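A structural walkthrough
Listed below, chain by chain, are the residues.
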Amino acid sequence: MFYEDLTEYTYNAKDYFDEPEPGFRALWYRPAYTRLNVGWLEAGQPYPTGTVPAEFTAKLRAVQQVQWMNVCLGLHDCDLCPPGDEYPEGNGEIRIPGAPPIAYAAPFLITHYITAHDYRPPTEFIDAVMAVDLDAWAAAQWPEVPFPWVPEEGVEWLLE
Ligand SMILES: [Zn+2]
(Lines give C-alpha, C1' and ligand atoms only; values in the text may rest on other atoms or scores of the structure.)
Protein backbone atom coordinates (compact mmCIF):
# COMPACT_ATOMS: atom_id res chain seq x y z
CA MET A 1 0.00 0.00 0.00
CA PHE A 2 1.32 3.41 -0.89
CA TYR A 3 0.06 6.66 0.54
CA GLU A 4 1.88 9.93 0.21
CA ASP A 5 3.10 11.38 3.50
CA LEU A 6 0.69 13.76 5.24
CA THR A 7 -2.31 12.83 3.13
CA GLU A 8 -5.41 11.92 5.08
CA TYR A 9 -5.56 8.32 6.28
CA THR A 10 -8.73 6.63 5.11
CA TYR A 11 -7.67 2.95 5.14
CA ASN A 12 -9.91 2.04 8.02
CA ALA A 13 -12.78 4.13 9.38
CA LYS A 14 -12.07 3.06 12.95
CA ASP A 15 -9.00 2.80 15.15
CA TYR A 16 -8.66 -0.49 16.97
CA PHE A 17 -6.61 -1.29 20.07
CA ASP A 18 -6.12 -4.79 21.42
CA GLU A 19 -5.37 -5.57 25.02
CA PRO A 20 -1.67 -6.46 25.18
CA GLU A 21 -0.91 -10.17 25.01
CA PRO A 22 -2.08 -12.47 26.38
CA GLY A 23 -5.25 -10.41 26.51
CA PHE A 24 -8.33 -11.08 24.44
CA ARG A 25 -10.17 -7.81 24.86
CA ALA A 26 -10.25 -4.97 22.39
CA LEU A 27 -11.74 -1.56 21.87
CA TRP A 28 -12.39 0.47 18.77
CA TYR A 29 -13.97 3.76 17.83
CA ARG A 30 -14.40 6.23 15.03
CA PRO A 31 -11.70 8.84 15.65
CA ALA A 32 -12.58 12.48 16.17
CA TYR A 33 -8.96 13.35 15.36
CA THR A 34 -7.65 13.70 11.81
CA ARG A 35 -5.27 10.94 10.82
CA LEU A 36 -2.41 11.73 8.44
CA ASN A 37 -0.43 9.03 6.66
CA VAL A 38 3.28 8.69 7.34
CA GLY A 39 5.58 5.99 6.02
CA TRP A 40 3.33 3.99 3.73
CA LEU A 41 6.03 3.03 1.21
CA GLU A 42 5.82 0.77 -1.79
CA ALA A 43 8.31 -0.36 -4.42
CA GLY A 44 8.22 1.89 -7.47
CA GLN A 45 6.88 4.88 -5.57
CA PRO A 46 9.47 7.58 -4.79
CA TYR A 47 9.82 8.57 -1.16
CA PRO A 48 11.93 11.11 0.78
CA THR A 49 15.30 9.87 2.02
CA GLY A 50 17.90 11.22 4.42
CA THR A 51 19.36 10.77 7.83
CA VAL A 52 17.33 11.06 10.99
CA PRO A 53 18.59 11.68 14.54
CA ALA A 54 19.65 8.47 16.29
CA GLU A 55 17.58 9.44 19.33
CA PHE A 56 14.50 9.59 17.10
CA THR A 57 14.99 6.03 15.87
CA ALA A 58 15.57 4.85 19.44
CA LYS A 59 12.43 6.63 20.65
CA LEU A 60 10.34 5.22 17.82
CA ARG A 61 11.49 1.69 18.68
CA ALA A 62 10.62 2.32 22.32
CA VAL A 63 7.16 3.58 21.34
CA GLN A 64 6.61 0.41 19.34
CA GLN A 65 7.41 -1.65 22.42
CA VAL A 66 4.34 -0.23 24.13
CA GLN A 67 1.91 0.67 21.34
CA TRP A 68 0.77 -1.58 18.50
CA MET A 69 -2.68 -1.11 17.06
CA ASN A 70 -4.94 -1.99 14.12
CA VAL A 71 -3.23 -5.36 14.26
CA CYS A 72 -6.08 -7.24 12.60
CA LEU A 73 -6.05 -5.37 9.32
CA GLY A 74 -3.73 -7.71 7.49
CA LEU A 75 -0.06 -8.15 6.88
CA HIS A 76 2.11 -5.47 5.31
CA ASP A 77 5.27 -6.98 3.80
CA CYS A 78 8.26 -4.85 2.95
CA ASP A 79 8.41 -4.96 -0.81
CA LEU A 80 11.43 -2.65 -0.94
CA CYS A 81 13.72 -5.47 0.20
CA PRO A 82 15.28 -7.44 -2.68
CA PRO A 83 13.28 -10.53 -3.68
CA GLY A 84 14.52 -13.63 -1.95
CA ASP A 85 15.93 -11.72 0.98
CA GLU A 86 14.63 -12.34 4.42
CA TYR A 87 12.25 -9.47 4.51
CA PRO A 88 10.40 -8.43 7.61
CA GLU A 89 6.70 -8.72 7.85
CA GLY A 90 4.77 -6.38 9.94
CA ASN A 91 1.14 -6.01 10.53
CA GLY A 92 -0.43 -3.33 12.54
CA GLU A 93 0.09 0.37 12.81
CA ILE A 94 1.00 3.07 15.28
CA ARG A 95 -0.72 6.35 16.20
CA ILE A 96 1.33 9.35 17.25
CA PRO A 97 -0.44 12.50 18.52
CA GLY A 98 0.59 15.67 16.75
CA ALA A 99 -0.74 19.20 17.00
CA PRO A 100 -4.47 18.68 17.68
CA PRO A 101 -6.49 17.48 15.82
CA ILE A 102 -3.71 15.67 13.95
CA ALA A 103 -2.58 12.14 14.75
CA TYR A 104 -0.04 10.45 12.52
CA ALA A 105 -0.92 7.00 11.20
CA ALA A 106 2.12 4.92 10.36
CA PRO A 107 2.58 1.25 9.51
CA PHE A 108 4.46 -0.82 12.06
CA LEU A 109 7.18 -1.34 9.41
CA ILE A 110 8.13 2.35 9.50
CA THR A 111 11.19 1.71 11.65
CA HIS A 112 12.42 -0.84 9.13
CA TYR A 113 11.88 1.64 6.29
CA ILE A 114 13.96 4.21 8.16
CA THR A 115 16.83 1.94 9.15
CA ALA A 116 16.99 -0.35 6.08
CA HIS A 117 15.73 1.88 3.27
CA ASP A 118 16.90 5.36 4.27
CA TYR A 119 13.34 6.69 4.49
CA ARG A 120 13.10 10.09 6.13
CA PRO A 121 9.68 10.83 7.63
CA PRO A 122 8.38 14.40 7.78
CA THR A 123 9.99 16.61 10.43
CA GLU A 124 6.64 17.14 12.15
CA PHE A 125 6.36 13.37 12.65
CA ILE A 126 9.88 13.21 14.10
CA ASP A 127 8.97 16.01 16.51
CA ALA A 128 5.72 14.27 17.47
CA VAL A 129 7.50 11.01 18.26
CA MET A 130 10.07 12.84 20.37
CA ALA A 131 7.19 14.45 22.29
CA VAL A 132 5.51 11.15 23.23
CA ASP A 133 5.20 10.70 26.99
CA LEU A 134 6.62 7.21 26.95
CA ASP A 135 6.42 6.65 30.71
CA ALA A 136 2.70 7.41 30.70
CA TRP A 137 2.10 5.14 27.70
CA ALA A 138 4.07 2.31 29.26
CA ALA A 139 2.06 2.63 32.48
CA ALA A 140 -1.33 2.33 30.75
CA GLN A 141 -3.35 -0.54 32.19
CA TRP A 142 -6.28 -1.96 30.28
CA PRO A 143 -8.85 -0.50 29.59
CA GLU A 144 -6.47 2.44 29.27
CA VAL A 145 -4.42 2.15 26.10
CA PRO A 146 -1.09 3.79 25.25
CA PHE A 147 -2.65 6.61 23.26
CA PRO A 148 -4.17 9.71 24.84
CA TRP A 149 -7.02 10.44 22.44
CA VAL A 150 -9.42 7.55 22.91
CA PRO A 151 -12.82 9.28 23.13
CA GLU A 152 -15.01 9.25 26.21
CA GLU A 153 -18.01 8.12 24.23
CA GLY A 154 -18.70 6.00 21.18
CA VAL A 155 -16.19 3.30 22.04
CA GLU A 156 -17.12 -0.27 21.14
CA TRP A 157 -15.75 -3.18 23.13
CA LEU A 158 -14.86 -6.77 22.70
CA LEU A 159 -14.90 -8.22 26.22
CA GLU A 160 -13.99 -11.84 26.55
ZN1 LIG B 1 12.69 -3.77 3.54
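Procedures and definitions
Residues numbered from 1 in each chain as written. Predicted model: local features only at pLDDT ≥ 70, side-chain atom pairs only at ≥ 80, totals over all residues. Heavy atoms only, no water. Core = buried A, V, L, I, M, F, W, Y, C linked by side-chain atoms within 4.5 Å. Buried < 20%, exposed > 50% of the residue type's maximum accessible area, 1.4 Å probe, protein only. Helix = DSSP H or I, 4+ residues; strand = E, 2+ residues; numbered from the N terminus. Contact = heavy atoms within 4.5 Å. Salt bridge = Lys/Arg side-chain N within 4 Å of Asp/Glu carboxyl O. 1 Å grid on protein atoms, 1.4 Å probe; cavity = no way out; pocket = protein on both sides within 12 Å on 5 of 7 lines; lining within 4 Å. Points joined across faces, edges and corners; volume = space filled by probe spheres on them. Phe/Tyr/Trp six-rings, centres within 6.5 Å; stacked < 30°, edge-to-face > 60°.

For the protein chain, an unreviewed UniProt entry supplies the name DUF7919 domain-containing protein and the organism Kitasatospora xanthocidica.

So, on to the nonpolar core. Phe56, Leu60, Ile96, Tyr104, Ile110, Phe125 and Phe147 are the most contacted members of the largest nonpolar core, which has 35 residues in total. Those elements that provide at least two residues to this core are strand S2 (26-29), helix H1 (54-66), strand S6 (93-97), strand S7 (102-107), helix H2 (110-117) and helix H3 (123-130). Once residues lying within four places of it in the same chain are set aside, the contact partners of isoleucine 110 are Val38, Gly39, Leu60, Gln64, Ile94, Tyr119 and Phe125.

Attention shifts here to the environment of tryptophan 157. Along the chain, the position of tryptophan 157 falls in strand S8 (residues 156-158). C-alpha separation for the pair tryptophan 157 and tyrosine 29, spaced 128 residues apart in sequence, amounts to 8.9 Å. Apart from the residues within four sequence positions on either side, tryptophan 157 is in contact with Ala26, Leu27, Trp28, Trp142 and Pro143.

Below, the discussion takes up the pattern of salt bridges. Counted by the stated rule, this structure contains 5 salt bridges. One salt bridge in this structure joins lysine 14 and glutamate 156, with 2.9 Å as the shortest N-O distance. Of this pair, lysine 14 sits in the segment before strand S1 (15-18) while glutamate 156 sits in strand S8, placing them 142 residues apart in sequence. A salt bridge links aspartate 15 to arginine 35; the nearest nitrogen and oxygen atoms lie 2.8 Å apart. Taken together, the residues aspartate 15 in strand S1 and arginine 35 in strand S3 (residues 34-37) connect sequence positions 20 residues apart. What makes aspartate 15 buried here is its relative accessible area of 0%. Salt bridges sharing common partners tie together Asp15, Arg35, Glu93 and Arg95.

The computed volume of the largest pocket comes to approximately 350 Å³. Considering the residues around the largest pocket, the lining is formed by 20 residues, among which Asp18, Glu19, Pro20, Glu21 and Trp68 are closest to the centre. Counting residues per element, the ones that place at least two in the lining of the largest pocket are S1, H1 and helix H4 (134-139). Ranked by the residues each element gives to the lining of the largest pocket, the list is headed by H1, at 3 residues.

Attention now moves to unusual backbone geometry. In this model, proline 100 is joined to proline 101 through a cis peptide bond whose omega is 5°. Mapped onto the fold, proline 101 is located in the loop between S6 and S7. A cis geometry characterises the amide bond from tryptophan 142 onward to proline 143, with omega recorded as 10°. Here proline 143 is to be found in the loop between H4 and S8.

On to the packing of aromatic side chains. Summed over all chains, the structure comprises 16 aromatic pairs. Consider the rings of tyrosine 3 and tryptophan 40, whose centres lie 5.7 Å apart with planes at 80°: the pair is edge-to-face. Of this pair, tyrosine 3 sits in the segment before S1 while tryptophan 40 is found in the loop between S3 and H1, placing the two residues 37 residues apart along the sequence. Where tyrosine 9 meets tryptophan 40, the ring centres are 6.2 Å apart and the plane angle is 45°; that geometry is what we call tilted. Here the residue tyrosine 9 occupies a position in the segment before S1, and tryptophan 40 occupies one in the loop between S3 and H1, the gap between them amounting to 31 residues.

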